[in-house]
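Fold and contact review
For reference, the chains in residue letters:
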Amino acid sequence: MSLDLQKITAHIGARVHGIDPAADLDDATIAELRAALGEHKALVLDAPALDAAGQQRFAEYFGPVTTAHPTVPGIDGAPNVLDVDSERGKANNWHTDVTFVVAPPAISTLRSITIPPYGGETLVANSAAAYASLPEPLRAWADTLWAVHTNTYDYARTSQLSDKQQEYRAVFESKPFETRHPVVRVHPETGERGLFIGGFVRNIEGLSETESRDVIRLLQAHVTKPEHILRWSWQPGQVLVFDNRITQHYAIDNYDDQPRKLSRITVAGDVPVSVDGRRSESLVGDASHYTPSLAESGRTAA
C-alpha cells in the first residue's frame, strides 16, 4: 500500500497524510483508502479547503450516499448533508448511525466546521475488537441474539431540553421506525463479526426489559473498553471517516456552552446479516426514500 498512514491506536484509527480530500482522486487511491478503512475502521484526513459539495464528492468515493437522515432534512441546497450542531442537541451517548432502519449507512463522514476551544472530541469504538474480547460462551450466546432498534428511543434523550432541542426531537421522531437486527453482524466485506448494538436498541428479543438492559450493558462494556477506542481531538478543516457497520461513536459533551458544528454525509449500506445468514427485518417505517441501496433493490420496509 502506498498511502502514507500513521496508526493512532492498536485497535482503531489511522491518520492519512498526503491526500487532499478536496482533490480528484484516482481509482488506485480510492481502493487504498477503502482497504485502509477496512483495516483501521476509522481514518482522519486534513481537509482545510473542503466544503459541503467537496465532502459529498469525497463520500461518494466510498459508494452512493444517503439523504441526510430518514426524518431530519439536510441543509439548504444540500439534501445529503446533515447539520451536526450542538445547539440542536449533543449526541453524548454511544451509538451507530441510523440503525433504526433496515439498511443503515455503511460509512459515515464527519467534517469539522466550528470547533470549541476545548473539549468536543469524538470517540469511535471498534465493535469487532469488542466481540473478540468476549469470553467464548458469551460470544456464542451473543451470536444467537436479535435486538429491536427504534428512533423513538434514541441516544440523545434528556429531561432538560432547550426550545431548539425540543424542536429537533419532534422532527427526529416525526416518523417512527423499528427494525430487528442481529446483535452480532457479519461485515459484508471483511467477514469480521462485530457487536451491532448501541443507543437505538430498545430491547433484546425474548428477554424482559430488565434482562435486556443488563445484557446490553454487559455487551456495551466490551464495546467501550478504552483499548477499543479512538479519541479524536478535532481541529477545523478535518474529515473523520468511520465504518458504521463495525463501529460505534460518541460526541463528548465537555465543552460547556461553546459552539460545536460538524457536517455529516453517510454512504448507503446493505441489510445486516447474522452469523447464520439471516437478514435484518423492518418492523415499522419505510426508509426507501433515505437510502439508495434499499430503493434501487426494490426492497421496501413493512
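In every chain, residue numbers begin from 1 and rise along the written sequence. Reporting of local features is limited, given that this is a predicted model, to residues whose pLDDT is at least 70; pairs of side-chain atoms are given and counted only at 80 or more, and all residues count toward the totals for whole chains, interfaces and linings. The basis for every side-chain value is the complete set of non-hydrogen atoms in the structure, without hydrogens or water.

Details of the confidence of the model for the protein
Put simply, the rule is: What pLDDT conveys is the predictor's confidence in a given residue, as a value from 0 to 100. Residue contacts follow a heavy-atom distance rule, with two residues in contact if any of their heavy atoms lie within 4.5 Å.
For the protein, the mean per-residue pLDDT works out to 91, and 89% of the residues sit at or above 70. Here residues 296-302 is modelled with pLDDT under 50, and outside its nearest four sequence neighbours on either side it reaches 14 contacts, counting other chains as well.

Quick notes on the sheet that holds strand β7 (residues 146-150)
Counted only if it meets this: Should DSSP find at least two bridges between two strands, the strands are taken to pair. To qualify as a helix, a DSSP run of H or I must reach at least 4 residues; to qualify as a strand, a run of E must reach at least 2; elements of each kind are numbered from the N terminus. Helix axes are fitted to C-alpha atoms over the stretch in contact, other axes to C-alpha atoms as well, and angles between N-to-C directions run from 0 to 180 degrees.
The antiparallel open sheet is built from 4 strands, whose spatial order is β11-β7-β8-β16. For this open sheet the edge positions go to β11 (201-204) and β16 (281-284), each flanked by a neighbour on one side alone. Taking each pair of neighbouring strands and ignoring which way they run, the sheet shows an average axis angle of 30°. Direction of pairing for β7 relative to β11: antiparallel, over a ladder of 3 bridges. Considered in β11, the bridge of Ala147 is made with Ile204.

What about the sheet that holds strand β12 (residues 229-232)?
The strand order β12-β6-β14 describes an open sheet built from 3 strands, whose pairing is antiparallel. Because the sheet does not close on itself, it has two edges, and the strands there are β12 and β14 (247-251). Recorded for the sheet is a direction-independent mean angle of 15° between the axes of neighbouring strands. Here strand β6 (residues 122-126) runs beside β12; their pairing, made up of 4 bridges, is antiparallel. When the sheet's bridge partners are listed, Val124 is paired in β12 with Leu230.

Looking at the nonpolar core
Where we set the bar: Throughout, nonpolar core names a set of buried Ala, Val, Leu, Ile, Met, Phe, Trp, Tyr and Cys residues whose side chains join them through atoms within 4.5 Å. Exposed residues in this analysis have more than 50% of their type's maximum accessible area, buried residues have under 20%, and partly exposed residues fall in between, with area computed by a 1.4 Å probe over protein chains only.
Judged by nonpolar contacts, the single largest core of 26 residues is most densely connected at Leu33, Leu43, Phe58, Phe62 and Val241. For this core, the secondary-structure elements that each account for two or more residues are β2 (14-17), α1 (27-40), β3 (42-46), α2 (52-60), β13 (238-243) and β15 (261-267). With 4 residues, the single largest contributor to this core is α1. If we skip the residues at most four places from it in the chain, Val241 touches Leu37, Lys41, Ala42, Leu43, Leu45, Phe58, Phe62, Ile107, Ser108 and Thr109. Counting residues in hydrophobic clusters, the runner-up holds 22 residues, among them Ile197, Val201, Val223 and Ile229.

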